[in-house]
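Commentary on secondary and tertiary structure
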Amino acid sequence: KMSESCGDGVSAPLPGRCGFFVDKKKRYCKMVVASGKTFCGEHAIAEKEDGRKRIPCPLDPKHTVFEDNLAKHLKKCNSREKPKPVYYVHDINAGVEEDMDMHEKEIALSSRSSEELDSLIMRLRAAVGEINCKHTEKILSHPALLEALNDPKNGDFAVKHLKQQASLLGNLESLRLLGPDRCFVEFGAGKGKLSHWIDIALQAAKNVHFLLVERATTRFKVDGKHKSPHSVFDRLQVDIQHLCLNKVPFLQEKKLPVVGVGKHLCGVATDLALRCLVESCCSSGDSEEAGPPQKRLKSDPSDAESVGGSSESSTPLQVSGLAIALCCHHRCNWRHYVGREFFIGLGLSAQDFRAFQRMSSWATCGLKKLGSDGPLSKEGSSEQDENLEKQHEYAGETTGDKFEGILPAEDRESIGRLCKLLIDEGRVDYLRRKGYAAELQYYTSPDISLENVLLTAVPVKTP
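Residues numbered from 1 in each chain as written. Predicted model: local features only at pLDDT ≥ 70, side-chain atom pairs only at ≥ 80, totals over all residues. Heavy atoms only, no water.

The protein chain carries the name tRNA:m(4)X modification enzyme TRM13 in an unreviewed UniProt entry, which gives Lepisosteus oculatus as its organism. Its UniProt record gives the protein chain the following Function (unreviewed entry) comment, quoted word for word: "tRNA methylase which 2'-O-methylates cytidine(4) in tRNA(Pro) and tRNA(Gly)(GCC), and adenosine(4) in tRNA(His)." Quoted verbatim from the Sequence similarities (unreviewed entry) field of the UniProt record, the comment on the protein chain reads "Belongs to the methyltransferase TRM13 family." (UniProt positions renumbered as here; feature names shortened; annotations may be inferred.)

This is the structure we're talking about:
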């Protein structure tokens, strides 16, 4: 129903809707109001009720509360600090922070001279040449996705994601990581689609558990649709930086081997996930920060005392392997990076890492943008649609197009890929030092996704 029009040309509020005029939108708020009220809860601060004054909530100023009811509100406000779950151990996967790194002044690429840039590129090429590494191509598929891939209703975007999921499952199967009696931990799970397809592939397998790790509240999750008696889905809403897998109640109870997976795990999250799998799985993670469980997992027993066990009774978990599709190296961080020892061994510094980290965005943003004399990008990349807007913004902030006239777009793209390669090789080196056979491979083609590198690792078998 159309709103009535005021004499000055500004629409009046709709019946039963908020009477607050939003200057930015040049219209009245459309939120429904309670019976007898003029304003919605968001804009109730504009009205006084029986002399009572509304004030912004000190925990979250986006909503308001009656001033005389503040103490009661603070006890139940959704923005209050909640008890930490038992598997929360502050900064357990963060790495060691060095004082010298905190006070080291960061130099933006745009502040560097052409000579300094040349020196950086020379050090980059020398380091890559010294390790003499090259990715293998392992583009696979899996029959679990055959029907979905052949569905004529799918658009190009959906097909590209399905092909990536299929190759991820194919690589997991080639590593013998798909099977019964194990727990798949999906880092940066989002809607949980990777776990969904793993579950489809393992419908005949028994005792399969999924832990979906995601710090954000996610809508349209697919894990709630799974009702198989042989597999269980649980979500851990926690930052990977603070997740101690060794303290997850279900894992301590069942002692299932763990398989880490992730599809385009962004930048620093990959390093946090690797440390979470390799180190926090092997320690009790004792900390004063750990508190009571935030909620019971579906599979928890009724006896609360037996759920997590004490730190003394916790035993290290077995990690059967991992497969993580890498992404967004420009969002890495020296403190959290697992390959610091690798970089230092090549004679490179934290400053070099930060420069290479920023230059890595050239791999997907180095091609000239609209309005230049080159193509905008390579054809049809679904991940490009999702990620490159923020990468374009980041690349523009770090370079300011300063080097466009000095370095052709193709050269910038090549240099960006070398930066990604070097950062990824540091992760491979870390895993190998920890006793894993780790590899990098192209798991899909660039026309499907420009972020097409997969990191895999399985424990080295001892004789």
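Having seen the structure, we can now continue with the description.
Here the focus is unusual backbone geometry. If you check the backbone angles, R176 has positive phi at about 60° while not being a glycine. Relative to the helices and strands, R176 resides in the loop between helix 5 (156–174) and strand 6 (182–187). Positive phi, normally seen in glycine, also occurs at N207, with a value near 60°. Relative to the elements of secondary structure, N207 occurs in the loop between helix 6 (193–201) and strand 7 (208–213). (Helix = DSSP H or I, 4+ residues; strand = E, 2+ residues; numbered from the N terminus.)

We now examine the packing of helix 8 (residues 268–278) against helix 14 (residues 409–433). Two elements in contact, helix 8 and helix 14, have axes separated by 11 Å at closest approach and are oriented at 5°. In terms of orientation, helix 8 lies roughly parallel with respect to helix 14. Between helix 8, through T270, D271, L274, R275 and V278, and helix 14, the contact on the second element is made entirely by R427, Y430 and L431. Here the contact of helix 8 with helix 14 is built from residues that sort into four nonpolar, one polar and three charged. (Axes fitted to C-alpha atoms, helices over the stretch in contact; angles between N-to-C directions. Parallel < 35°, antiparallel > 145°, perpendicular 65-115°, else oblique. Contact = heavy atoms within 4.5 Å. Nonpolar A, V, L, I, M, F, W, Y, C, P; charged D, E, K, R; others polar.)

Another point: the UniProt feature "domain: CHHC U11-48K-type" (unreviewed entry) in the protein chain. Sequence positions flagged by UniProt for "domain: CHHC U11-48K-type" (unreviewed entry) are, in local numbering, residues 54–81. Helix makes up 25% of residues 54–81 and strand 21%, with an end-to-end C-alpha separation of 22 Å.

With that settled, the discussion passes to the packing of aromatic side chains. Using the criterion set out here, one finds 11 aromatic pairs in the structure. Seen from their ring centres, F184 and F210 are 5.6 Å apart, and the 20° between their planes marks the pair as stacked. Linking F184 in strand 6 with F210 in strand 7, this pair joins segments that are 26 residues apart in sequence. For the pair formed by F184 and F210, the shared burial category is buried. An aromatic cluster of three or more residues is present, and its members are W334, Y337, F342, F343, F353 and F356. (Phe/Tyr/Trp six-rings, centres within 6.5 Å; stacked < 30°, edge-to-face > 60°. Buried < 20%, exposed > 50% of the residue type's maximum accessible area, 1.4 Å probe, protein only.)

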